[in-house]
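What follows is the residue order along each chain.
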Amino acid sequence: MDLVLLSIVLLAAFLNGYGIWNDQYANSYYTTAVGSMLSNFHNFFYASLDSAGSVTVDKPPVVFWIQTAFAYVFGLHGWSVILPQVLAGIGSVLLIYFMVKPTYGLAAARISALTLATVPVVAAVSRTNNIDSMLVFTLLLGSWFLFKGSKQGSTWRILVAFGLIGVAFNMKMLQAYMILPAFYLFYLLAFQAKWRRKIILLIGSTAVLAVVSLSWAVTVDSIPEDERPYIGSSETNSVMELAFGYNGLARLTGQQNTAGNAGMPNGMGQGDNRGNRGDSSSGPNQTGSGVPGAGQDVNAPDNDNMNGSNGNFPNRQMPNDMEMPNGRDFGGGMGGMFGTGEKGPLRLFQTELSGQASWLLPVVLLGCIAIFAGLRRRNITNKHKEALFWLTWLLPVAAFFSVAGFFHQYYLIMLAPPIAALTGAGFVAMWKSYRDRNGRQAWLLPVSVLLTTLFAWYIMQVYNDTIGAGWSISELIAGILVTVILIVMLHRTHQWKQGFIIAGFMVMLIGPIYWAFTPITYGGNSMIPAAGPTGSNGMFGGAGMGMPMGNGAGDTEMPTMGGRGGMGNRNEEVDTATLNYLKEHNTGETYLFATTDYNQAAPYIIDERAAVITLGGFSGSDPVYTTEELEQLVKSGQVKYFMVGGMGGRGGNSDISDWIKEHGTEIPTSEWKTGTDSGTMDNGDTENEAGLGFGFGFGGQTTLYEVKL
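Residues numbered from 1 in each chain as written. Predicted model: local features only at pLDDT ≥ 70, side-chain atom pairs only at ≥ 80, totals over all residues. Heavy atoms only, no water.

Q: Can you walk me through the overall build of the protein in this structure?
A: When you go through the protein residue by residue, the secondary structure sums to 28 helices and five strands. Burial statistics for the protein: of 709 residues in total, 62% are counted as buried. Taking as baseline every contact in the protein between residues at least 6 positions apart, the subset at least 24 positions apart corresponds to 75%. Put simply, the protein shows about 24,900 Å² of open surface, and 59% of that area lies on carbon and sulfur atoms. (Helix = DSSP H or I, 4+ residues; strand = E, 2+ residues; numbered from the N terminus. Buried < 20%, exposed > 50% of the residue type's maximum accessible area, 1.4 Å probe, protein only. Contact = heavy atoms within 4.5 Å. Areas by Shrake-Rupley, 256 points an atom, 1.4 Å probe, with all protein chains shown as cover.)

Here is the structure:
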């Protein structure tokens, strides 16, 4: 047993798993779906957001199937839906170790495993129920099969490798395909077979990839729309359109549908052209089914939908006088809105993104020089081939994030595996060149230590007011000191020489390790996870899971807005008075209530396993129901209470909210609610929400209506 690997695995387990039991709802959007999926197979298959099977989440179901299985065994809790991602993060560390070791040796494998375990964004994402940790594990598992199959000329392993990419597609759609260039290149370079067999197998593998990838999407799209849920965040109620639109091209362009601007401060008054389905020719929705419709903005769910028409707040001022995290200006569209910096070749080195995964990029760059220094056309070794695989994974992904208009910081977990593998392989290559005094290449090691520690200082010094200047200055001084020692000892033989090389690597890890611990020490963000001292202040989320230490700079904390999280993960918890009122006055209706804000439904579905309908998906603006279908639901005795308003939605179908108000009787707040919403009047002034559709963005009035027909 490799005790060093065991210690790395234990470190990964701690970083990924410590304190997850404190996260009551995790990412409540996904946890609510798991609660609904536990109720019946219909909801399970489609990954339905609500109990009625009205609308799906905005991603394919594979990860949610796994989370539902864990919730079935352990009960539905925040920690039980996070646990699969914790295990996936640990599994990724093991996979990178076993992929690097055969070609580059034990030292490189250990370095790669330690690097992956301490990439800050890996730790931040793996302790939430977001999809990306499981996605990366699946991609690495496919890569492991690819390596094995290519070396052994094994047909079935190659087919499994490409099939796993198809499985990954059913986790997060086109994001899984970002590594396909690496797969195809490595297969062509490394698979041991004659070209005829190689091409035939490549065609077959691509077919397997396509069949597995599209199996769920084609199945769902082939089912009549009135027999399945509405596809959340799609414009045309189609999984294929969701895959290549909202979860595809829109990620690159950042372009948003003009219909989706309503509901946020800059979006108000943009109109309510959201795809009202009052004139739809489709028939009434059946129990537990979705309905067709059109009009969905590309900026809905996936926790990405809290932007105005320009991605900004008026005068850069957030609601309730809250400050932007770290005092930064998040203007400039969605990229700025979500703290992803300015587009350009150096975007991954900018302050907004560099702390997530970029710390060791100088090592990767110089390490690749050492790996490929001896490359000759007729002497391409396995080391070169595998390094090309990792580079072909790294470079296209890095290029995408350098120009993409619509992503979050935690997506950068896609960079972690190639950075980890190339760090291990490259550092050992530089180590050997240094040890052998191999001309100019011998200087690569001390230069890499110096550049990496300088870069770490650059990343950390921005947060000196929060964490203190000691961390950045200490790493800088230590890096310079070790660099000087390595230069002095370059042409000397000393028993401590190897020890100083190891010390150089550990110095480079000071910053990443500190950042990897920040979700624990400063509190995490389940909705939009990010590492760093202000990671829990990431836009529109936050469910502290760690041991908040205080940041020492009072102006960097974003106040939470009720329940267990900040904006976007605004979990209100079950209001006992509301629950008792709805139960006492239920006269046999199937659903306890329907709501325009999934946040209001979340605690009742998760904690009480109550049957609740969400009328508009994540943002409140998916055209899930027509007024005719609502009327049918009420007349058939399936629901009579409607909760309108709140904070979850943006715009929506005004016909729905108008219909509820026209046909419903407002229930006085004092009869059904323990308290009142922040910033609202006790008597429920509904004039505020009447012109805004339902689910208005911030500080929205919540009103309960009883509808009898």
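The rest of the description comes next.
Q: Quick question: what am I supposed to make of the sheet that holds strand β5 (residues 702–707) here?
A: Strand pairing in a sheet is mediated by backbone hydrogen bonds. Such pairs are either parallel or antiparallel. The mixed open sheet is built from five strands, whose spatial order is β2-β1-β3-β5-β4. Taken across any chain shown, the strands that pair with only one partner, and hence form the sheet edges, are β2 (612–614) and β4 (664–667). Strand-to-strand twist of the sheet, defined as the mean angle between neighbouring strand axes without regard to direction, takes the value 30°. In the sheet, β4 pairs with β5 via four bridges, with the strands oriented antiparallel. What sits directly across from I667, in β5, is L704. Lying over the sheet, helix α26 (residues 654–663) contacts β3 (641–645), β4 and β5, oriented at roughly 60° with respect to β5. (Pairing = 2+ DSSP bridges. Axes fitted to C-alpha atoms, helices over the stretch in contact; angles between N-to-C directions.)

Q: Please clarify how helix α9 (residues 155–172) should be interpreted in this entry.
A: For an α-helix the count is 3.6 residues per turn, leaving residues at separations of three or four pointing the same way. With 18 residues, α9 ought to run about 26 Å at 1.5 Å a step, and its terminal C-alpha atoms sit 27 Å apart, in line with that. Three or more residues of α9 are buried, namely I158, A161, F162, G163, L164, I165, G166, A168, F169, N170, M171 and K172. For α9, the elements touching its buried residues are α4 (62–74), α8 (132–152), α10 (180–190), α11 (195–222) and α12 (239–253). Of the residues trailing α9, M173 is marked for its positive phi of about 55°. (Expected span 1.5 Å × (residues − 1).)

Q: Help me understand the side chain of Q409 in this model?
A: With respect to the helices and strands, Q409 occurs in the loop between α16 (382–403) and α17 (416–435). Judged by relative accessible area, Q409 falls into the buried class, the value being 15%. Once residues within four sequence positions are removed from consideration, Q409 is found in contact with V121, F338, G339, T340, E352, L353, Q356 and A530.

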